[in-house]
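Inside the fold
Listed below are the residues making up each chain.
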There are 2 protein chains.
Amino acid sequence: MSDIPTATLGRVVTYVRVLEELEAQNVQQASSGDLARRAGVTPFQVRKDLTYFGRFGTRGIGYTVAVLRRELLRKLGLDQTWNVVIVGMGRLGHAIANYPGASDYQFRNVGLFDVAPDVVGREVRGLTIQHIGQLGPFVASVAGTPRQVDLGLLTVPAEHAQAAAQALAAAGVGGILNFAPAVLQTQDLLVSTPTGEREVTVENVDFLAGMKRLAFYMLGPQAGPTEETV
Amino acid sequence: MSDIPTATLGRVVTYVRVLEELEAQNVQQASSGDLARRAGVTPFQVRKDLTYFGRFGTRGIGYTVAVLRRELLRKLGLDQTWNVVIVGMGRLGHAIANYPGASDYQFRNVGLFDVAPDVVGREVRGLTIQHIGQLGPFVASVAGTPRQVDLGLLTVPAEHAQAAAQALAAAGVGGILNFAPAVLQTQDLLVSTPTGEREVTVENVDFLAGMKRLAFYMLGPQAGPTEETV
């Protein structure tokens, strides 16, 4: 499990989605070819990616859809609940707070934060938007319950991203999903753990990056993504 | 240019963002180490990634920030304007239509579409939301001007994603940025070109995929992204 390439991880997340679609259609067995076709990769790629996660499937029969889905979810850490706070309740923050299906994947919004006086105090899906200054006390209070705040979603403007990330780290949130169009300086984002300080884990989600990749692929048929890494 | 791995392309998009930050700070020269530190990769990775795009920089001096940025933008196809339509004007569609900075990167919203009677007819940043049934005639009308509709952003619910994608393909839009939590069946998404039919180019942007990767990395310090592919 230690050295799974990011690209593999992204594909395995797609396979889980494909397996869910198959389950919804009452399909019980699927070959690597079935998964590959729906995920847009080669059967070899599917088999290779899955070897990072264990030994699955039976030669000539394929994979049992429900079993493979459950095992992958477990190994991805998606059989547990992750408590999430959203920092930045503009349109994007609202879109995510209202995103249907997030709860299916065990991501639970527990807190919403902003700085704007006309936004703080509003209610979204049963949660009242709090001032960012309340982040530290809020996370400390949640930590007293069975679970802590695991992940912070950063949906603030780019110029406030680093400061907001530092507020999250200072509050003890160890993972950040960054939607702001800014590269976070993780060496300045340290979170205390029982075994000492460590850098916050940051994962970037960038609207424009997707558009930029797409624009590049559109330049010409020769410039499509390579099979190996899609 | 033909076989650039997706992961490399993603990192180069990040380097462009870093170069823009440096330019904003009036930094004129940068080493691969400078770029690497800000992008969160190794200097070797920076140098290796850039070799896909050409020969840049001077040994011992580094890169001229403005030149490298301009050249990368050109090779990424970001020195030209890409006309974009958004299909699905719920909260996410609105968030993207209002996303600041998108125009900096030459993505121009030219049309907004939905099906809901209470949404169609509303105005967002000077554009009136049209019914999806108008997509074909609209794209045909834009094609008569100097540029066509290049990219479609899919921000509809998962169960409508394939149908909406087919509407985009039928209208002649050859590239789709898919925000819906569904895997599009691209073999059914064919677009006519002067040299015949081809599959639409699809790039997926998935909120939950980012959260799932982050959750996996949070499982333990051994499970971080590997340097090679970050």
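Residues numbered from 1 in each chain as written. Chains lettered and ligands numbered in written order. Predicted model: local features only at pLDDT ≥ 70, side-chain atom pairs only at ≥ 80, totals over all residues. Heavy atoms only, no water.

In plain terms, the rule: UniProt positions are given in the numbering used here, feature names are shortened, and annotations may be inferred rather than shown by experiment.
Named according to an unreviewed UniProt entry, chain A is Redox-sensing transcriptional repressor Rex originating from Deinococcus wulumuqiensis. Turning to chain A, the UniProt annotation filed under Sequence similarities (unreviewed entry) states: "Belongs to the transcriptional regulatory Rex family."

**A short note on the sheet that holds strand 5 (residues 123-124) of chain B**
Residues and elements named next belong to chain B. Just so we agree on the cut-off: Any two strands with at least two DSSP bridges between them are considered paired. Runs of H or I in DSSP of at least four residues are treated as helices and runs of E of at least two as strands, each being numbered from the N terminus. We call two residues in contact whenever any of their non-hydrogen atoms come within 4.5 Å of each other. Note on geometry: axes are C-alpha line fits, over the in-contact stretch for helices, and angles between N-to-C directions span 0 to 180 degrees.
Pairing is mixed in the open sheet, where seven strands are placed in the order 5-6-4-3-7-8-11. The sheet is open, and its two borders are formed by strand 5 and strand 11 (201-204), each paired with just one other strand. In this sheet, strand 6 (residues 127-131) lies alongside strand 5 in antiparallel orientation, the contact comprising two bridges. Residue pairing for strand 6: Glu 123 is matched across the bridge by Thr 128. Packed onto the sheet, helix 7 (residues 161-171) meets strand 3 (82-87), strand 7 (151-154) and strand 8 (175-178) and runs at close to 165° relative to strand 7.

**What to know about helix 1 (residues 6-24) of chain B**
For an α-helix the count is 3.6 residues per turn, leaving residues at separations of three or four pointing the same way. We apply this condition: By this rule, a helix spans an expected 1.5 Å times one less than how many residues it contains.
Between its first and last C-alpha atoms helix 1 of chain B spans 27 Å; for 19 residues at 1.5 Å apiece the expected length is 27 Å, and the two agree. The positive-phi residue at the C-terminal boundary of helix 1 of chain B is B:Asn26, with phi of around 60°.

**A few points about helix 3 (residues 43-51) of chain A**
All names here are of chain A. Our working rule: Residue burial is assigned from relative accessible area. The probe radius is 1.4 Å, only protein chains are included, and a residue is buried under 20% of its type maximum, exposed over 50%, and partly exposed in between. Note that the arc is defined by the directions from the helix axis to the C-beta atoms.
For helix 3, the full list of buried residues reads Gln 45, Val 46, Asp 49 and Leu 50. On an axial view of helix 3, the arc spanned by its buried residues comes to 125°, and they lie on one face. Exposed residues on helix 3 whose side chains face more than 90 degrees from its buried face are Phe 44 and Thr 51.

**With respect to the packing of helix 1 (residues 6-24) of chain A against helix 4 (residues 65-76) of chain A**
Helix packing geometry: the angle between the two helix axes and the distance between the axes. All names here are of chain A. Here is the rule: Take the far helix as your reference; a near helix turned counterclockwise from it by less than a right angle gives a left-handed crossing, and one turned clockwise gives a right-handed crossing. Ten residues, namely Ala, Val, Leu, Ile, Met, Phe, Trp, Tyr, Cys and Pro, are considered nonpolar, four, namely Asp, Glu, Lys and Arg, are considered charged, and the remaining ones, Gly among them, are considered polar.
Relative orientation of the contacting elements helix 1 and helix 4 amounts to 145°, with a least axis distance of 9 Å. For the element pair helix 1 and helix 4, the recorded crossing hand is left-handed. Contacts from Leu 9, Val 12, Val 16, Leu 19, Glu 20, Leu 22 and Glu 23 in helix 1 reach Val 65, Ala 66, Leu 68, Arg 69, Leu 72, Leu 73 and Leu 76 in helix 4. By residue class, the composition of the contact of helix 1 with helix 4 is eleven nonpolar, no polar and three charged.

**A word on the pattern of salt bridges**
To keep things clear, this is the line we draw: Counted as salt bridges are all cases of a side-chain nitrogen of Lys or Arg within 4 Å of a carboxyl oxygen of Asp or Glu.
Enumeration over the complete set of coordinates arrives at twelve salt bridges over all chains. Its salt-bridge partner being A:Glu21, residue A:Arg38 comes within 3.8 Å of it at the nearest N-O pair. In this pair, A:Arg38 sits in helix 2 (residues 32-39) while A:Glu21 sits in helix 1, placing the two residues 17 residues apart along the sequence. One salt bridge in this structure joins B:Arg11 and B:Asp49, with 2.6 Å as the shortest N-O distance. Of this pair, B:Arg11 sits in helix 1 while B:Asp49 sits in helix 3 (residues 43-51); the two residues are 38 residues apart in sequence, bridging distant segments of the chain. Three or more residues joined by partner-sharing salt bridges are found here, namely A:Glu20, A:Glu23 and A:Arg69.

**Let's talk about the sheet that holds strand 12 (residues 201-204) of chain A**
All names here are of chain A. Reading across from one edge, 7-4-3-8-9-12 is the order of the six strands in this open sheet, with parallel pairing throughout. Edge positions in the sheet fall to strand 7 (130-131) and strand 12, since each of these pairs with one other strand and no more. Two elements, strand 4 (residues 107-114) and strand 7, share two bridges in a ladder whose sense is parallel. Bridge assignment links Phe 113 to a residue of strand 7, and that residue is Gln 130. Of the strands in this sheet, strand 3 (82-87), strand 8 (151-154) and strand 9 (175-178) touch helix 7 (residues 158-171), which is tilted by about 165° from strand 8.

**Quick notes on the packing of aromatic side chains**
Residue and element names in this part refer to chain A. Keep this limit in mind: Any two rings among Phe, Tyr and Trp, with Trp reduced to its six-membered ring, count as a pair given centres within 6.5 Å; such a pair is stacked if its planes are under 30 degrees apart, edge-to-face if over 60, and tilted if neither.
Considering all chains together, one arrives at two aromatic pairs over all chains under this definition. Ring geometry for Phe 113 versus Phe 138: centroids 5.5 Å apart, planes at 65°, classification edge-to-face. Here the residue Phe 113 occupies a position in strand 4, and Phe 138 occupies one in helix 6 (residues 135-143), the gap between them amounting to 25 residues. Owing to a relative accessible area of 15%, Phe 138 belongs among the buried residues under this scheme.

**Points about the UniProt feature "binding site: NAD(+)" (unreviewed entry) in chain A**
All names here are of chain A. As recorded in UniProt, the sites labelled "binding site: NAD(+)" (unreviewed entry) are Gly 88, Met 89, Gly 90, Arg 91, Leu 92 and Gly 93. Within the secondary structure, Gly 88 is located in the loop between strand 3 and helix 5 (91-97). Gly 88 sits in the buried class, given a relative accessible area of 5%. Sequence-distant contacts of Gly 88, that is, excluding residues within four places in its chain, are made with Gly 93, Phe 113, Asp 114, Thr 155 and Val 156. If you trace the backbone, Met 89 turns up in the loop between strand 3 and helix 5. Residue Met 89 is classed as buried on the basis of its relative accessible area of 2%. Sequence-distant contacts of Met 89, defined by excluding residues within four places in its chain, comprise His 94, Ala 97, Leu 112, Phe 113, Asp 114, Val 119, Val 124 and Ile 129.

**What about the pairing of strand 9 of chain A?**
Residues and elements named next belong to chain A. Burial of the side chains of strand 9 extends over both faces: Gly 175 and Leu 177 are buried on one face and Ile 176 and Asn 178 on the other. Pairing analysis gives four bridges linking strand 8 to strand 9, with the strands arranged parallel. By the bridge assignment for strand 9, Leu 154 is matched with Asn 178. In terms of strand pairing, strand 9 meets strand 12 through four bridges, oriented parallel. Bridging across to strand 12, Ile 176 finds its partner in Val 202.

**What about the pairing of strand 3 of chain A?**
All names here are of chain A. With respect to burial, strand 3 is a largely interior element, six of its six residues being buried. Because side chains alternate across strand 3, one face comprises the buried residues Trp 82, Val 84 and Ile 86, and the other comprises Asn 83, Val 85 and Val 87, equally buried. Relative to strand 4, strand 3 runs parallel, the two being bridged by six bridges. When the bridges of strand 4 are listed, Trp 82 appears paired with Phe 107. Here strand 3 pairs with strand 8 via four bridges, running parallel. Residue pairing for strand 8: Ile 86 is matched across the bridge by Leu 153.

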